[in-house]
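# Structural features, examined
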Amino acid sequence: MSGAAAAGASSCAAAASSSGGSAGGSSPYGPAGGCGGVAGRLPGRVLEHIFSYLDLADLMQCSLVCWHWNSTLADENSEVWRSLCARGLSEEALRSDVLCNLPTYKGKLKSYQHALSTHDCSRNVYVKKNGFTLHRNPIAQSTDGARGKIGFSEGRHAWEIWWEGPLGTVAVIGLATKRASMQCQGYVALLGSDDQSWGWNLVDNNLLHNGQLPPVAKIPECILLSVCQQIGERIRVILDMDDKTLAFERGFEFLGVAFRGLPKACLFPAVSAVYGNTEVTMVYLGKPLDG
């Protein structure tokens, strides 16, 4: 980073920090909604160049400074977000088709932030270098899972799951609280085995919670995935924390609401698998599209 750019980035971060405590006005951008001084008069391209050196936390603060800065950051395919993607995501992820359904750099970065966790998972699995794909080691008599990095307690969210290997006897996708176990002995439907998780077993088409079948215990048979699913086919998971429901889609086909009455808690996307060397990819999409 050049000295001028470094100084500019430092000034931007400092201005963002000081603006965060603006008192009084209803606008999040301060009393007048604008920037004073030189920073408020900088052309958008100059601001983009300076912002491209900042990390995500600083950019979030910068977006609250004034309308001018916010509008500069509003372009999700700008040099700012491209630069942050280049620094934060692996080249493998950016070149593969993992993120092909996300048209913007900001969307790709957000998806990486919500990917399966390398630390919150069974010891028998790991997340590959692309940052999105879980690989289960060939360990006998073990069921192994992983949670997403970020959980949800409000809002509407969608993500895609696809198996890139055999399902085995049990393959479950769903939700889990932080208290739900991510590993157990034997081959079982780990998600849904306790009151801290909710799962759809793609192999036998059962929905499970607290070790029991809920009132609507299956995805309708007429739209059950043929032989569970084709390898690499994507299943969309839709979580509505406002209505407290979890639903599934395949392609453009809505499979229905699987669970209702979800608790007011922080719920994480989760998967569990039993087949050795199978791989599961999760890509967060953001707010689901209606219709």
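Residues numbered from 1 in each chain as written. Predicted model: local features only at pLDDT ≥ 70, side-chain atom pairs only at ≥ 80, totals over all residues. Heavy atoms only, no water.

## Focus: the sheet that holds strand E12 (residues 253-260)
Read from one edge of the open sheet, 7 strands run E2-E3-E14-E5-E10-E11-E12, paired in antiparallel fashion. Looking at strand neighbours, the two that pair on one side only are strand E2 (125-127) and E12, the edges of this open sheet. With direction set aside, neighbouring strand axes in the sheet form an average angle of 25 degrees. (Pairing = 2+ DSSP bridges. Helix = DSSP H or I, 4+ residues; strand = E, 2+ residues; numbered from the N terminus. Axes fitted to C-alpha atoms, helices over the stretch in contact; angles between N-to-C directions.)

## Observations regarding the packing of aromatic side chains
Using the criterion set out here, one finds 5 aromatic pairs in the structure. Taking the centre distance of 5.5 Å and the plane angle of 75 degrees together, the rings of Phe51 and Trp69 count as edge-to-face. With Phe51 in helix H2 (residues 44-51) and Trp69 in helix H4 (residues 67-73), the pair connects residues that are 18 residues apart, well separated along the chain. Judged by its relative accessible area of 0%, Phe51 is buried. Consider the rings of Trp200 and Phe248, whose centres lie 4.8 Å apart with planes at 55 degrees: the pair is tilted. Residue Trp200 is located in strand E8 (residues 197-201), and its partner Phe248 is located in strand E11 (residues 245-250); the two are separated by 48 residues in the primary sequence. (Phe/Tyr/Trp six-rings, centres within 6.5 Å; stacked < 30°, edge-to-face > 60°. Buried < 20%, exposed > 50% of the residue type's maximum accessible area, 1.4 Å probe, protein only.)

## Description of the side chain of Arg234
Within the element layout of this structure, Arg234 appears in the loop between strand E9 (206-209) and strand E10 (235-240). At 3.2 Å, the side chain of Arg234 forms a polar contact with the backbone oxygen of Asp97. A distance of 3.4 Å separates a polar atom in the side chain of Arg234 from a polar atom in the side chain of Glu160. Those residues in contact with Arg234, other than ones at most four positions away along the chain, are Asp97, Val98, Cys100, Asn101, Glu160, Ile161, Trp162, Glu249, Arg250 and Gly251. (Polar contact = N/O pair within 3.5 Å; in protein donor to acceptor, adjacent residues only side chain to side chain. Contact = heavy atoms within 4.5 Å.)

## Some remarks on the side chain of Asp120
Structurally, Asp120 can be placed in strand E1 (residues 116-121). A distance of 2.8 Å separates polar atoms of two side chains, one belonging to Asp120 and the other to Lys178. Contacts of Asp120, omitting those with residues within four sequence positions, involve Ala146, Arg147, Lys178 and Met182.

## Digging into the pairing of E11
Buried residues dominate E11, accounting for 6 of its 6 residues. Neither face of E11 is open: one carries Thr245, Ala247 and Glu249, the other Leu246, Phe248 and Arg250, and all of them are buried. Here 6 bridges tie E10 to E11, and the two strands are oriented antiparallel to one another. Within E11, the residue paired with Val237 across the bridge is Phe248. Count of turn residues in the E10/E11 antiparallel hairpin: 4 residues, of which Lys244 carries a positive phi of about 60 degrees. With antiparallel pairing between neighbouring strands as the criterion, E11 and E12 make up a hairpin whose turn holds 2 residues, including Gly251 at a positive phi of roughly 60 degrees.

## Focus: the pairing of strand E3 (residues 133-136)
Where burial is concerned, the two faces of E3 agree: the one with Thr133 and His135 and the one with Leu134 and Arg136 are both buried. Pairing analysis gives 3 bridges linking E2 to E3, with the strands arranged antiparallel. Pairing of Tyr126 across the sheet is with His135, part of E3. Once E2 ends, the chain turns through 5 residues before running back antiparallel as E3, passing Gly131 with a positive phi of about 85 degrees. In this structure, E3 lies alongside strand E14 (residues 279-286), joined through 3 bridges in antiparallel fashion. Residue pairing for E14: Thr133 is matched across the bridge by Thr281.

## Some remarks on the packing of helix H5 (residues 79-88) against helix H7 (residues 105-113)
Look at H5 against H7: their axes get within 8 Å of each other, and the N-to-C directions meet at 35 degrees. For the pair H5 and H7, the sense of crossing is left-handed. Contacts between H5 and H7 involve Trp81, Arg82, Leu84, Cys85 and Gly88 from the former and Tyr105, Lys106, Lys108, Leu109 and Tyr112 from the latter. For the contact of H5 with H7, the residue count by class is 6 nonpolar, 1 polar and 3 charged. (Left-handed = near helix turned anticlockwise from the far one by under 90°. Nonpolar A, V, L, I, M, F, W, Y, C, P; charged D, E, K, R; others polar.)

That is the geometry; function is a separate question.
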